[in-house]
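One-letter residues, chain by chain:
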Amino acid sequence: MNETRIGDSITVTRDGGIATVTIDRGDGRNALSRRLILDLTETARSFADDLETQAIVITGKGAFTAGADLKDPEMDRRRAAGLLERRHMTRIGPDMCDAWERIEQVTICAIERYGIGGGVALAASCDFRILGESATLRLPEIPLGMNMSWHAVPRLVSLIGPARAKRFVIYGENLSACEALDWGLADEIAPDGGTLAAARVWAEKTAKLPPNAVRMTKQSVNAAANALHHATTYMDLDQYALATTSEDYREAIKAFLEKRPPNFTGR
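Described in the following lines is the structure provided in the data block.

Analysis parameters
Sequence positions are assigned chain by chain, starting from 1 and proceeding in written order. Where local features are concerned, this predicted model is filtered to residues with pLDDT of at least 70; where side-chain atom pairs are given and counted, the filter is 80 or more; whole-chain, interface and lining totals use all residues. Heavy atoms from the whole structure form the basis of all side-chain values; hydrogens and water molecules are not counted. Strands are runs of DSSP state E lasting at least two residues, helices are runs of H or I lasting at least four, and both sets are numbered from the N terminus onward. Three exposure classes are used, based on accessible area relative to the maximum for each residue type with a 1.4 Å probe and protein chains only: buried under 20%, partly exposed in between, and exposed over 50%. Any two strands are treated as partners once DSSP identifies two or more bridges connecting them. For helices, the fitted axis covers only the stretch in contact; all axes are lines through C-alpha atoms, and the angles between them, taken along N-to-C directions, range from 0 to 180 degrees. The arc in question is the one traced by the directions running from the helix axis out to the C-beta atoms. Any two residues whose heavy atoms approach within 4.5 Å at even a single point are treated as in contact. Any angle that is under 35 degrees is reported as roughly parallel, and any over 145 degrees as roughly antiparallel; angles of 65 to 115 degrees are reported as roughly perpendicular and all others as oblique. Each crossing gets its hand from how the near helix is turned against the far one by less than a right angle, where anticlockwise is left-handed and clockwise is right-handed. Lys, Arg, Asp and Glu make up the charged group, whereas Ala, Val, Leu, Ile, Met, Phe, Trp, Tyr, Cys and Pro make up the nonpolar group; the residues left over, Gly among them, are polar. What is meant by a nonpolar core is a set of buried Ala, Val, Leu, Ile, Met, Phe, Trp, Tyr and Cys residues, joined one to another through side-chain atoms within 4.5 Å. A helix is expected to reach a length of 1.5 Å times the quantity of its residues less one. For salt bridges, the criterion is a side-chain nitrogen of Lys or Arg within 4 Å of an Asp or Glu carboxyl oxygen.

Side note on the environment of Tyr249
Residue position: Tyr249 is located in helix 13 (residues 247-258). For Tyr249, a relative accessible area of 2% gives the class buried.

So this is what it looks like as structure tokens:
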């Protein structure tokens, strides 16, 4: 067994043909700070030349992830930046998800407690998702005055269909593990605390298969499913940059931090 650290919050453990990526910010929430997003991107890219690993499990210590860290000081810097710099800084989220989707090995996401916002976008970039029986998924972006970006919308449409994708993205409501399984967003439900073990079963099954055939098949399926993804998401970065200049966005973030209902005006 081989263990490496990437940044302060990621451990990669390789055991035979299986790698386990564990996110642990030490608080059980694992919010996606700028630094963690960059480290997750580096982690994904580290598998590009790895011919030994055939399956990758990604999980969080405690919850999977609470999504973007709204208290990260980098968020204040981004809000104050000019448009060109803000667009550049905002690219890290979609770049991370794209890096995980491009991995040739099979990727399995083990989700305990909750996956929120960018955590759902990351999970949708993986091949399979296993949820704990009381886990929930949620996309709070629209209620927070933003669009859903990170190239996530077409991935969700491919997984759950357009009507359910609209419900999931627009209303920002919790999606239970059972609903996620029924919709096709989850591939298995495991007992709470058991998602990593369940994901390991999937990984072991994958690692026993001929690696070339598996990688080529994954590439073929993704090519068929994702053919129009770039055409439908190339503007979501600019939509985000526009949405985050609105008064509604500032009101949403302020209300969130003050734990009160927002008052939206359309401005």
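Next comes the rest of the write-up.
A look at the sheet that holds strand 7 (residues 128-132)
Here we have seven strands laid out as an open sheet, ordered 1-2-3-4-5-7-10, and mixed in their pairing. Edge positions in the sheet fall to strand 1 (2-6) and strand 10 (188-190), since each of these pairs with one other strand and no more. This sheet shows a mean twist of 20° between the axes of neighbouring strands, independent of strand direction.

Overview of helix 7 (residues 162-171)
Burial in helix 7 covers these residues: Ala165, Phe168 and Val169. Along the axis of helix 7, the buried residues cluster in a sector spanning 90°; they form a single face. When the buried face of helix 7 is taken as reference, the exposed residues oriented beyond 90 degrees from it are Ala163, Lys166 and Tyr171. Buried residues in helix 7 make contact with helix 5 (118-124), strand 8 (136-138), helix 6 (153-160), strand 9 (175-176) and helix 8 (177-183). Of the residues one or two after helix 7, Gly172 is the one with positive phi, at around 65°.

Observations concerning unusual backbone geometry
When glycine is set aside, most residues are seen to have a negative phi, and most peptide bonds are trans. Even without a glycine there, the phi angle at Asn30 is positive, about 55°. Using a relative accessible area of 0% as the deciding quantity, one classes Asn30 as buried. Even without being glycine, Arg113 reaches a positive phi, approximately 65°. Take Arg113: it is sitting in the loop between strand 5 (106-111) and strand 6 (114-116).

Considering the packing of helix 1 (residues 34-45) against helix 4 (residues 92-102)
Close contact between helix 1 and helix 4 brings their axes to 8 Å; oriented N to C, the two are set at 25°. On the basis of the axis angle, helix 1 is roughly parallel to helix 4. At the point where helix 1 passes helix 4, the crossing takes the left-handed sense. Of the residues in helix 4, those touching helix 1 at Arg34, Ile37, Leu38, Leu40, Thr41, Thr43, Ala44 and Arg45 are Ile92, Gly93, Asp95, Met96, Ala99, Trp100 and Arg102. Taken together, the residues of the contact of helix 1 with helix 4 sort by class into eight nonpolar, three polar and four charged.

So, the nonpolar core
Among the nonpolar cores identified, the biggest contains 47 residues, and Leu40, Ile58, Trp100, Leu137 and Phe168 are the most heavily contacted of them. When sequence neighbours within four positions are dropped, the list of residues in contact with Trp100 reads Val21, Leu40, Thr43, Ala44, Ile56, Ile58, Thr107, Leu122, Ser125 and Cys126. Counting residues in each nonpolar core, the second largest holds 13 residues, with Val106, Ile108, Ala110 and Trp202 among its members.

A few points about helix 13
Relative to the 16 Å expected for twelve residues at 1.5 Å per residue, helix 13 spans 16 Å between its end C-alpha atoms, a close match to the ideal helical length. Among the residues making up helix 13, those that are buried are Asp248, Tyr249, Glu251, Ala252, Ile253 and Ala255. Looking one or two residues beyond helix 13, the residue adopting positive phi is Lys259, at roughly 55°.

Side note on the pattern of salt bridges
Evaluation of the coordinates by the stated rule reveals 15 salt bridges. Arg25 serves as the salt-bridge partner of Asp69, at 3.1 Å between the closest nitrogen and oxygen. Remark: Arg25 occurs in the loop between strand 3 (18-23) and helix 1 and Asp69 occurs in the loop between strand 4 (55-60) and helix 2 (73-80); sequence separation between them is 44 residues. For Arg25, a relative accessible area of 33% puts it in the partly exposed group.

Remarks on the sheet that holds strand 8
In spatial order, the strands read 6-8-9; together these three strands make up an open sheet with mixed pairing. Two strands close off the open sheet at either side, each with one partner strand: strand 6 and strand 9. Where strand 8 lies against strand 9, two bridges are found, and the strand directions are antiparallel. In the strand pairing of strand 9, Leu137 is matched with Leu175.

Everything listed here is a matter of geometry and, on its own, says nothing about what the molecule does.
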